[in-house]
Amino acid sequence: MRVHIADHPLITHKLTVLRDKSTSSPVFRQLTEELMTLLAYEATRDVRVAECEIETPVMVTNGVKIADPKPLVVPILRAGLGMLEGMTKLVPTAEVGFVGIVRDETTFKPSTYAERLPDDLAGRQCFVLDPMLATGGSLAAAIKFLFDRGATDVTAVCLLGTPEGVQALEALVGDRNVNLVLGAMDDGLNEKGYIVPGLGDAGDRLYGTV
Ligand code: URA
């Protein structure tokens, strides 16, 4: 698994405001979207393109366009939804699938409660969105879901990650073709499974349920 940790002052600035507990839900949503757009730039570095010919007002020339099959973006419900718009703004021709994974608050074990994905994922570049890579359980479950559906090329994008989460993903993916893009690598997890220093419960902060 290739891990890329963003290193850009705009990303660090926006993450700092996002972490602040006094940041309101509307601002949190806006920042999550903006951060995703910045991370999407990194995550799509190897997006497949096909050469094409176009005519400018001046002459015929060659360029590239995003190749078929189009990338598939898969936000993990619910908090991943907050990142979707930031990704589709940058890649508007991407298709969107959904996986719903809930984490038991005492055992931290993930289970899938919803999914809507194309039947065949062979040859698709899949981008999984989940703001918090904590224990890695939810993201690992979602990536396994995609592998079981034939995916061979998965990029996961998270705002924050932990060394524990990265290790858990590494154990799952082995030598499969998986990229992980993080906005920042945090210190670890507290006894309640929250990322520290983190930003709290991303879903609650996005959707105002705090
Ligand atoms: N999920 C969250 O939303 N926040 C954490 O800190 C860990 C998991």
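Residues numbered from 1 in each chain as written. Predicted model: local features only at pLDDT ≥ 70, side-chain atom pairs only at ≥ 80, totals over all residues.

### Regarding the UniProt feature "binding site: uracil" (unreviewed entry) in the protein
Line of reasoning, step 1. The UniProt feature table records "binding site: uracil" (unreviewed entry) at Ile195, Gly200, Asp201 and Ala202.
Line of reasoning, step 2. In this fold, Asp201 is placed in the loop between strand E13 (195–196) and helix H6 (202–207).
Line of reasoning, step 3. Not counting residues up to four positions away in its chain, the partners in contact with Ala202 are Ala79, Pro131 and Met132. (UniProt positions renumbered as here; feature names shortened; annotations may be inferred. Helix = DSSP H or I, 4+ residues; strand = E, 2+ residues; numbered from the N terminus. Contact = placed C-beta atoms within 7 Å.)

### Quick word on the site of the ligand
Line of reasoning, step 1. Lining the immediate environment of the ligand, one finds Ala79, Met132, Ala134, Tyr194, Ile195, Gly198, Asp201, Ala202 and Gly203.
Line of reasoning, step 2. Grouping the amino acids of the shell around the ligand by side-chain chemistry returns 6 nonpolar, 2 polar and 1 charged. (Near = placed C-beta within 6 Å. Nonpolar A, V, L, I, M, F, W, Y, C, P; charged D, E, K, R; others polar.)

### Section: the nonpolar core
Line of reasoning, step 1. Core analysis: the largest hydrophobic core is formed by 50 residues, its most contacted members being Val74, Val128, Leu129, Ala142 and Val157.
Line of reasoning, step 2. Among the elements that line this core, the one with the most residues is helix H2 (residues 25–43), at 7 residues.
Line of reasoning, step 3. Residues within four places of Val128 in sequence aside, it is in contact with Val74, Ile76, Leu139, Ala142, Ile143, Val154 and Ala156. (Core = buried A, V, L, I, M, F, W, Y, C linked by C-beta atoms within 7 Å. Buried ≥ 20, exposed ≤ 12 C-beta atoms within 10 Å, placed from the backbone.)

### With respect to the packing of H2 against helix H3 (residues 81–90)
Line of reasoning, step 1. The geometry of H2 relative to H3 is characterised by a closest axis approach of 7 Å and an angle of 45° between their N-to-C directions. As far as their axial angle goes, H3 and H2 are oblique. In the packing of H2 onto H3, the handedness of the crossing is right-handed. Residues Arg29, Thr32, Glu33, Glu34, Leu35, Met36, Thr37, Ala40 and Tyr41 of H2 form the contact with H3, whose own contacting residues are Gly82, Met83, Glu85, Gly86, Met87, Lys89 and Leu90.
Line of reasoning, step 2. In the contact of H2 with H3, the residues fall into 7 nonpolar, 4 polar and 5 charged. (Axes fitted to C-alpha atoms, helices over the stretch in contact; angles between N-to-C directions. Parallel < 35°, antiparallel > 145°, perpendicular 65-115°, else oblique. Left-handed = near helix turned anticlockwise from the far one by under 90°.)

### Considering helix H1 (residues 9–19)
Line of reasoning, step 1. Those residues of H1 that fall on the buried side of the exposure criterion are Ile11, Leu18 and Arg19. What you see down the axis of H1 is that its buried residues fit within an arc of 90°, all on one side. Seen from the buried face of H1, the exposed residues on the opposite side, beyond 90 degrees, are Pro9, Leu10 and His13.
Line of reasoning, step 2. Looking at the packing, one finds that the buried side of H1 touches H2 and strand E11 (178–185). (Arc of directions from axis to C-beta.)

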